[in-house]
Every structure is written in structure tokens, then in C-alpha cells.
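Residue strings, one per chain:
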Amino acid sequence: LAALAFSVTFTVLPFLRLFLLSRARKLRGLTEAGAIELVLLLIKQTRSLFLFVVALYFAMRFLELPPRLDRISTSVIVFAGWFQAALWGVGAASFFVEQRKRQAAERVGGASENAVLDIGLFVARVLIFAVAILLALDNLGVNITALVAGLGVGGIAIALAIQTILGDLLASLSIMLDKPFEVGDWLRIDDIDGTVEKIGVKSTRLRSLSGEQIVLSNADMLKCRIRNMGRMPERRSLFTIGIAYETTPDKLQQVPSLVEAAISSVTGTRFEYCVFRQFGVSALEFEIVYFVPEPADARFKFLKIVDAVNRRIHADFAANGIEFAYPTQTVYVKAATNPRAP
């Protein structure tokens, strides 16, 4: 019976694995490609040694072995089972990392994530095999409490020694997963303006407007307030103009319509409002707001549009006889009177 169980199991399981792999193309069309690809990968990761051990396990159910041989066979089965489980875990982690790499390759600058992904995969492999070994020892009756405590103390000591590097590494993982910015984005961090060139494991490199490269640690970047100017769908322009107090009410009434016409005539603008805001010290002040679409690949388009709008407003005001105000100060001098003067 034991020989029959071993023979049937060790024949059916490899045949079933080969059958599923041969039908891989048809299986991919049944459901989502990602799930089927993962299942097929796990089937490929199944070792023949593991199938042999499974067949041996079923055969041993029909036998009474001597205690020593029983302990040895049980140890082999447990270690083989957990080793195969670790291989499945590593295969799944590699599958998700490869998927992430393919997605990153489709984006501009996405290749910079590969180093972080490779380090994450290495850490995942170490953790998976470490957990598998500990669980295998625990299944065999070994007291792993002291071992786990020792590993914990050693891990804390190592983490304290390299806490700066670990902080930057975890920050790079956070940047990769959360994606507050990507390569090519224009960032404003405190008094720094620059375009992201590379997101590394320890640092992020920016190319400033003046041309030099700025290197910032990933941990420090996440502590700052980052303004991602490269993801603005549109940019708001708010400014104030002053009209001379000598302007007549009729001409003052024309100001909003002239400003709206001047802004709307420039391609790529969206007029919002122009209102008579207040009576200033030396001018009648109008507040004006308009929006400009700001694509990430045209940083200076906004400045060109502002220049065109300002020139058009100045020309229209000059054509309609509306004068801009400028700071003035009138000083009245009263002649001194001398009662003794003739």
C-alpha cells in the first residue's frame, strides 16, 4: 500500500504540473492575466524534490517506522515543505516586482525605481527564508524563543548603527509607493527650485534653474513641504493695477471690459474677474485674476503669457486714454506771516 501510494502520488502530481503548464496559453484567457501568470509561476517554482517528499509523506501513512527513522523522515518532510513555501513566497515577490518594473519602464524616468525595487526584493527574500527556517524549527519542537530574541536584539543593534541609511532607504520606498513626485517634475522645496533628475536609494537629485545639481537625502525631503509645480493643471495669476484719480467715471467703467478683452485675446488664458477693489493712496486700484494652463513640459509658458497680457493691457489703455497712476505726493507750503513786516 505504501509503495502504491508513493507511485500514484509521484506520477499524478508531476503529470498534473506538466498538463497545467502546457495549457498555459488557454488558461490565460479564462480570467485576469496577472492572476493566471502568478499561478503558473508558482507551479513552475514547484520542485520535483517537493513532489517526491509529498509522495513519501502519503506512503508513510501506511507504515510504522522505528522512532529514529520516523524523526528523520519527519524532519526531511518539514524542511522540504517550508523550503518550497519559501520558494513560492520569493516567486510571488519577484512577480510583483517585475510587474512594477514594467509599469515603471512605461513612465518617463521610471527606470530609476529599479534599484529600490531590487533592494526591496533582496530584503523580502531574506525575510521569507528566515521566517521559513524559524517555522520549520518550531514545527520540529525546537524552542525558538531565545533565537528570536537574539535576532531581535541583533537587529536593533544593526538598525541603530545604520539608522541614517535605513531612514533614507525607507524614505525612498515611501516615495516610490506614494509618488509625491516623479522624475521630470518641477519641485519647489523651501528656497530650492529644480527639476527631478533621479530618485535614488539614498538621495534625490534636482537640476536647479541656475544649472547646478542639488542632492537631497530622501528622509530630509519627506520632512519638508514640497510644492510639485509640475503637476499644476493650471496656474493662477493675481495682480493689481492703479488708475489715476483724474480718470472720468465713463472711462473707469470701461476698465473691466478692456482688461477682459485683453486677457481673452491671448491664447491659453481663462479670464476670471476684474473688480474695482479699493481707493488707494494715490490710485484707484483694480484687482485682476486669470488662469493659465501649465503643462509640465512648458515651465516658462506662464511667463510668456503674462508678458503678452501686460503688453496688451498697456496698449488698450493707451488707445482709450486711460492713464496708469504712479505714487505722487503733494506738498502745500504756507508762507509765514510777520506782523512787523511793512
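The structure we're discussing is the one just above.
Draft legend 1. How the structure looks around the packing of aromatic side chains. The final tally for this structure, using the stated rule, is eleven aromatic pairs. On the numbers, 5.7 Å between centres and 85° between planes, the contact of Phe 10 with Phe 52 is edge-to-face. Of this pair, Phe 10 sits in helix α1 (residues 2–22) while Phe 52 sits in helix α4 (residues 48–60), and the two are 42 residues apart along the sequence. When the centroid spacing of 5.0 Å and the interplanar angle of 15° are considered together, the rings of Phe 276 and Phe 286 count as stacked. Of the two residues, Phe 276 is situated in strand β7 (residues 270–279) and Phe 286 in strand β8 (residues 284–293); the sequence distance between them amounts to ten residues. Judged by its relative accessible area of 35%, Phe 276 is partly exposed.

Draft legend 2. View of the environment of Phe 129. Looking at the secondary structure, you find Phe 129 in helix α6 (residues 114–139). As for Phe 129 and Ala 85, which are separated by 44 residues in sequence, their C-alpha atoms are 9.1 Å apart. When neighbours within four sequence positions are excluded, Phe 129 is seen to be in contact with Phe 83, Ala 86, Leu 87 and Val 90.

Draft legend 3. Spatial organisation of the side chain of Thr 46. Examined against the element boundaries, Thr 46 turns out to sit in the loop between α3 (33–45) and α4. Among the residues examined, Thr 46 registers a relative accessible area of 11% and is labelled buried. Engagement of the side chain of Thr 46 in a polar contact is seen with the side chain of Trp 88, the distance being 3.2 Å. If sequence neighbours within four positions are ignored, Thr 46 has contacts with Arg 17, Leu 51, Gln 84 and Trp 88.

Draft legend 4. Quick peek at the packing of helix α10 (residues 249–264) against helix α11 (residues 301–319). The N-to-C vectors of α10 and α11 enclose an angle of 140°; their axes lie 9 Å apart at closest approach. It follows that α10 is oblique to α11 by the angle criterion. Crossing geometry of α10 relative to α11 is assigned as right-handed. The segment α10 lies against α11, with Val 255, Leu 258, Val 259, Ala 262 and Ile 263 engaging Val 309, Arg 312, Ile 313, Asp 316 and Phe 317. A breakdown of the residues in the contact of α10 with α11 according to their chemical character gives eight nonpolar, no polar and two charged.

Draft legend 5. Just the pairing of β8, in detail. Of all ten residues in β8, eight are buried; the element is thus mostly enclosed. Pairing of strand β6 (residues 234–243) with β8, which is carried by ten bridges, proceeds in the antiparallel orientation. Paired with Glu 234 across the strands is Pro 293, a residue of β8. Bridging between β7 and β8 involves eight bridges; their strand directions are antiparallel. Residue pairing for β8: Phe 276 is matched across the bridge by Phe 286.

Draft legend 6. Structural context of the nonpolar core. Core analysis: the biggest nonpolar cluster contains 23 residues, and Ile 241, Ile 243, Val 259, Tyr 290 and Phe 317 have the highest contact counts within it. Those elements giving two or more residues to this core turn out to be β6, α10, β8 and α11. Those residues in contact with Phe 317, other than ones at most four positions away along the chain, are Ile 241, Ile 243, Val 255, Leu 258, Val 259, Ile 322 and Phe 324. Core analysis: the second largest hydrophobic core is formed by eleven residues, Ile 189, Ile 214, Leu 216 and Met 221 among them.

Draft legend 7. Representation of the sheet that holds strand β1 (residues 186–189). The sheet built from five strands is open, its strands ordered β4-β3-β2-β1-β5 with antiparallel pairing. Every other strand in the sheet has two partners, leaving β4 (213–217) and β5 (226–228) as the edge strands with one partner each. Here the strands of the sheet are splayed against their neighbours by 40° on average, with no regard to which way each runs.

Draft legend 8. How the structure looks around α10. Between its first and last C-alpha, α10 extends 24 Å over 16 residues, near the 22 Å set by a 1.5 Å rise per residue. For α10, the elements touching its buried residues are β6, β7, β8 and α11.

Draft legend 9. View of α1. Over its 21 residues, α1 extends 30 Å from the first C-alpha to the last, a length consistent with the 30 Å expected when each residue adds 1.5 Å. Within α1 the residues assigned to the buried category are Ala 2, Ala 5, Thr 9, Pro 14 and Arg 17. Projected down its long axis, α1 shows its buried positions confined to an angular sector of 130°, all on one face. In α1, those exposed residues whose orientation departs by more than 90 degrees from the buried face are Ala 3, Leu 4, Thr 11, Phe 15, Leu 18 and Ser 22.

Draft legend 10. Main features of a nonpolar patch on the surface. Residues Leu 1, Leu 4, Val 8, Val 12, Phe 62 and Leu 63 make up a contiguous nonpolar surface patch of roughly 620 Å² in combined accessible area. Considering the arrangement of structural elements, one finds Phe 62 in the loop between α4 and α5 (67–105). By relative accessible area, Phe 62 is classed as partly exposed at 47%.

Draft legend 11. Quick peek at unusual backbone geometry. Even without a glycine there, the phi angle at Asp 190 is positive, about 55°. Mapped onto the elements of the fold, Asp 190 is located in the loop between β1 and β2 (192–199). Given a relative accessible area of 62%, Asp 190 falls into the exposed group.

Parameters and conventions
Counting starts from 1 at the beginning of each chain's written sequence and moves along it residue by residue. In view of the model being predicted, local features appear only for residues whose pLDDT reaches at least 70, and side-chain atom pairs are presented and counted only at 80 or more, with totals across whole chains, interfaces and linings using the full set of residues. Side-chain numbers here rest on the full set of heavy atoms in the structure, without hydrogens or water. Any pair of Phe, Tyr and Trp rings, taking the six-membered ring for Trp, is counted once the centres come within 6.5 Å. Such a pair is stacked with planes under 30 degrees apart, edge-to-face with planes over 60 apart, and tilted for the rest. Here a strand is any run of E in DSSP of at least two residues, a helix any run of H or I of at least four, and the numbering for each starts at the N terminus. Throughout, exposure labels follow a simple rule: accessible area from a 1.4 Å probe, protein chains only, divided by the maximum for the residue type, with under 20% read as buried, over 50% as exposed, and the rest as partly exposed. Throughout, a residue-residue contact means that at least one pair of heavy atoms, one from each residue, lies within 4.5 Å. As used in this structure description, the phrase polar contact means that two N or O atoms lie within 3.5 Å; if the pair is within protein, one of them must be able to donate a hydrogen and the other to accept it, and residues adjacent in sequence are counted only when both atoms belong to side chains. In this analysis an axis means a line fitted to C-alpha atoms, helices contributing only their contacting stretch, and an angle means the value between N-to-C directions, from 0 to 180 degrees. Here the angle decides the label: under 35 degrees means roughly parallel, over 145 means roughly antiparallel, 65 to 115 means roughly perpendicular, and every other value means oblique. For any pair of crossing helices, the crossing counts as left-handed if the nearer helix is rotated counterclockwise from the farther one by less than a right angle, and right-handed if it is rotated clockwise. Ten residues, namely Ala, Val, Leu, Ile, Met, Phe, Trp, Tyr, Cys and Pro, are considered nonpolar, four, namely Asp, Glu, Lys and Arg, are considered charged, and the remaining ones, Gly among them, are considered polar. Two strands pair if DSSP finds at least two bridges between them. We call a set of buried residues a nonpolar core when its members are Ala, Val, Leu, Ile, Met, Phe, Trp, Tyr or Cys and they connect through side-chain atoms within 4.5 Å of each other. The span one expects for a helix is its residue count, reduced by one, times 1.5 Å. By definition, the arc is the one covered by directions from the helix axis to the C-beta atoms. Residues enter patches when they are more than 30% accessible in relative terms and free of salt bridges; like-charged ones are connected within 9 Å and nonpolar ones (Val, Leu, Ile, Met, Phe, Trp, Tyr) within 5 Å. Exposure was quantified through the Shrake-Rupley algorithm and a 1.4 Å probe, taking into account, for residues, occlusion by the shown protein chains and nothing else. We define a salt bridge as a side-chain nitrogen of Lys or Arg found within 4 Å of a carboxyl oxygen belonging to Asp or Glu.

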